Amino acid sequence: MLAVNELYKYYREFPAVAGVSFQVNPGEIVGLLGPNGAGKTTLLRCISGILALSAGQVAINGFDLIQNPREAKQRLAFVPEVPSLYELLTVREHLRFIAMCFNRLERYERIGDRLLLKFDLLEKADEFVATLSKGMKQKLAVACALVHDANVLLLDEPLIGIDPRGAREFKVELTEQRDAGNAILISTHLLDTAERFCDRVIILAKGKKIAEGTMEQLRAASNMAGATLEDVFLRLTEEHESAIPIFGPPPVV
Ligand code: ATP
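Worth saying up front: this structure is predicted, and the values here are computed from it rather than measured.

1. Details of the layout of surface pockets
Okay, step 1: Of the volumes computed, that of the largest pocket is approximately 620 Å³.
Okay, step 2: The wall of the largest pocket is formed by 23 residues, among which Phe78, Pro80, Ser84, Ile98 and Phe102 lie closest to the centre.
Okay, step 3: Listing elements by their share of the lining of the largest pocket, those giving two or more residues are helix H1 (40–48), strand S6 (76–79), helix H3 (91–101) and helix H5 (134–148).
Okay, step 4: Within the lining of the largest pocket, the residues separate by chemical class into 16 nonpolar, five polar and two charged.
Okay, step 5: In terms of domain composition, the lining of the largest pocket takes at least three residues from each of domain 1 (1–75 + 153–253) and domain 2 (83–150).
Okay, step 6: Taken as a whole, the second largest pocket encloses approximately 190 Å³ of empty space.
Okay, step 7: Looking at the lining of the second largest pocket residue by residue, the classes come out as three nonpolar, one polar and four charged.

2. A short note on the packing of H3 against helix H4 (residues 105–118)
Okay, step 1: Between H3 and H4, the shortest axis-to-axis distance is 10 Å and the interhelical angle comes to 145°. As for the relative orientation of H3 and H4, their crossing is right-handed in sense. Of the residues in H4, those in contact with Val91, Arg92, Leu95, Arg96, Ala99 and Met100 of H3 are Leu105, Tyr108, Glu109, Gly112, Asp113 and Leu116.
Okay, step 2: Taken together, the residues that form the contact of H3 with H4 break down as seven nonpolar, one polar and four charged.

About the criteria used
- Residues numbered from 1 in each chain as written.
- Predicted model: local features only at pLDDT ≥ 70, side-chain atom pairs only at ≥ 80, totals over all residues.
- Heavy atoms only, no water.
- 1 Å grid on protein atoms, 1.4 Å probe; cavity = no way out; pocket = protein on both sides within 12 Å on 5 of 7 lines; lining within 4 Å.
- Points joined across faces, edges and corners; volume = space filled by probe spheres on them.
- Helix = DSSP H or I, 4+ residues; strand = E, 2+ residues; numbered from the N terminus.
- Nonpolar A, V, L, I, M, F, W, Y, C, P; charged D, E, K, R; others polar.
- Domains from an automatic or database assignment.
- Axes fitted to C-alpha atoms, helices over the stretch in contact; angles between N-to-C directions.
- Left-handed = near helix turned anticlockwise from the far one by under 90°.
- Contact = heavy atoms within 4.5 Å.

So far we have only geometry, and geometry alone does not tell us how the molecule works.
Printed below as a string of structure tokens:
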């Protein structure tokens, strides 16, 4: 389970994430949505431990990220928007190396080739990572997250650049991960995918959480019976845009 409590991240004076709290429970896929610059990547990077929090707490399966970073990170996998991979390892070596780092060699031996096959990487298994296309690198990053067998998966725009077959396999894999009781947080701008695929969504705007819930809860909260997630998202983010200017001159009255 992932628990985030009153998380703040400032870049100098600028609050990129401003007091966000939520949980992702075991067996749940939660979509993290928001306009450009809402703070999604910053939030995911804070939860993964790549960026230091300015304030707040993050717990992974009960382990506090600051107090027990090793235990927390052992249970967490993060696929960043632009994966940074070891270019001079081969694809197979890379997957094996990540498995080794997380003490999952046995799992690599068992499912490594199946993962490479699923993501159409088996024929590239002995090629250097540097020679992969952008989408192939993205697929390898996802395969690395899956070989790690984490309890909490964080994915930042994972479907960008992945072909339709890879996207289908990815969704099947994530559904299996959810059914196995893992907690998944996935940032995306693909609202139709989020609507079909996520159990709940969280909407950020200007660093704040402005909505959270199932589709039904969001429709009810915004008085939009039968609306799509796109309709609800646009309504809520537009309302927020006009209601709470964080920066800039005070509203003229
Ligand atoms: P997108 O949908 O465009 O990927 P996002 O929701 O992921 O956006 P972030 O990348 O988290 O948004 O950025 C949130 C805010 O923080 C933006 O205003 C951005 O300009 C600012 N920001 C991000 N990184 C830095 C940085 N290193 N230094 C200063 N400001 C930053």
